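For reference, the chains in residue letters:
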Amino acid sequence: SSDLLQRSTMRIRLAHRLARPLLGLLAMACVVVAHPVSAQVASVKDPWVRSTVARQKATSAYMEITAARAARLLEASSPVAGIVEIHEMRMEKDVMRMRAIASLDLPAGQPVPLQPGGHHIMLMDLKVQVKDGDKVPITLVFELRNGSRETAEITAIARSPQAASDRKSTRL
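So, how was this worked out
- Position labels on residues start from 1 in each chain and follow its written sequence.
- In keeping with the predicted nature of the model, local features appear solely for residues at pLDDT of at least 70, side-chain atom pairs appear and are counted solely at 80 or more, and the whole-chain, interface and lining totals rest on all residues.
- With hydrogens and water stripped out, all remaining heavy atoms of the structure feed into the side-chain values.
- Secondary structure follows DSSP: runs of H or I at least 4 residues long count as helices, runs of E at least 2 residues long count as strands, and numbering of each begins at the N terminus.
- Whether a residue is buried, partly exposed or exposed follows from its accessible area with a 1.4 Å probe, protein chains only, as a fraction of its type maximum: under 20%, in between, or over 50%, in that order.
- Residue contacts are counted whenever heavy atoms from the two residues lie within 4.5 Å of one another.
- Methods summary: accessible areas were calculated by the Shrake-Rupley approach with a probe of 1.4 Å, and residue burial reflects only the protein chains presented.
- For two strands to be treated as a pair, DSSP must find no fewer than two bridges joining them.
- Among buried residues, those of type Ala, Val, Leu, Ile, Met, Phe, Trp, Tyr and Cys that are joined through side-chain atoms within 4.5 Å constitute a nonpolar core.
- Between Lys or Arg on one side and Asp or Glu on the other, a salt bridge is scored when a side-chain nitrogen of the former is within 4 Å of a carboxyl oxygen of the latter.
- Identification of polar contacts relies on pairs of N or O atoms within 3.5 Å, with a donor-acceptor requirement for protein atoms, meaning one able to donate a hydrogen and the other able to accept it, and with residues adjacent in sequence counted only if both atoms are side-chain atoms.

> Break down the overall build of the chain for me, with residues and values.
A count of helical and extended segments in the chain gives 2 helices and 10 strands. Ordered by position from the N terminus, the helices and strands of the chain form the series α-β-β-β-β-β-β-β-β-β-β-α. Among the 172 residues that make up the chain, the fraction classed as buried is 33%. If you take every contact in the chain between residues at least 6 apart in sequence, the share linking residues at least 24 apart comes to 68%. For the chain, the accessible surface area stands at approximately 11200 Å², while carbon and sulfur atoms represent 57% of it.

> Kindly report on the pairing of strand β1 (residues 42-50), identifying the contributing residues and their values.
With 6 bridges joining them, β1 and strand β2 (residues 58-67) adopt antiparallel strand pairing. Within β2, the residue paired with Ser43 across the bridge is Thr66.

> Describe the nonpolar core, naming the residues involved and giving the relevant values.
In terms of nonpolar packing, the biggest core is built from 32 residues, with Leu73, Ile121, Ile138, Leu140 and Phe142 touching the most fellow members. At 5 residues, strand β9 (residues 135-144) tops the list of elements feeding residues into this core. Once residues within four sequence positions are removed from consideration, Leu140 is found in contact with Val44, Met63, Leu73, Glu75, Ala76, Ile121, Glu150, Thr151, Ala152 and Ile154.

> Give me the lowdown on the pattern of salt bridges, citing residues and values where you can.
By the definition in use, this model includes 6 salt bridges. We note a salt bridge from Glu92 to Arg97, for which the minimum N-O separation is 3.6 Å. Here Arg97 falls in the partly exposed class, since its relative accessible area comes to 45%. Because the salt bridges share partners, they merge into one network encompassing Arg72, Glu143 and Arg149.

> Outline the pairing of strand β4 (residues 81-92), supporting the account with residue identities and numerical values.
Two strands pair when backbone bridges link them, and β4 and strand β8 (residues 120-126) are joined in this way by 6 bridges, in the antiparallel orientation. Residue pairing in the sheet places Glu85 in a bridge with Met122 of β8. In textbook terms, the turn of a hairpin is the stretch between consecutive antiparallel strands, and for β4 and strand β5 (residues 95-100) this stretch comprises 2 residues, one of which, Lys93, has a positive phi near 55 degrees.

> How would you explain the side chain of Ser51 if you had to name every residue and give the values?
Among the structural elements, Ser51 can be located in the loop between β1 and β2. A distance of 2.7 Å separates a polar atom in the side chain of Ser51 from a polar atom in the side chain of Asp132. Setting aside residues up to four positions removed in sequence, Ser51 forms contacts with Val130, Lys131, Asp132, Ala158, Arg159 and Ser160.

> Which residues make up unusual backbone geometry, and what values go with them?
With phi around 50 degrees, Asp46 is a residue other than glycine that occupies positive phi space. Relative to the helices and strands, Asp46 is located in strand β1. Positive phi outside glycine occurs at Lys93, with the angle close to 55 degrees. For Lys93, the location among the structural elements is in the loop between β4 and β5.

Dropping the structure here:
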């Protein structure tokens, strides 16, 4: 009986030893499924959202996007906003105009800045006030030249324009 117990204990230990690496591989496989490699169409650097005051209904998101392959930013969405659009600002006859655009070209390997006074993502019909330090989830949809679409989930940190300007100037 003691010998049988000892052999059973050894089998259990062996099974645990063999199963541990397999569980690690299984866990890694789950991570790959949760974050597909194909979603790595573009890298996003320093995403941030302009913080708002109470009852403000719109804000904007900024970041730098670098596509690994030529692509277009087609759309964006966020649970904090009812409407999310890609916008551009440009001078027309000495007047700065802002308008929604259907997409934003992302040349392969070239950083494309989304910044105040230029391209940006507008978050409108806000459902909540966006306060300094809030983490705002944003989903970006990219289209590759072959027509396939990929999404990327990012988190933008809310901050005031002054804090963003101070942060940017410290990088120089």
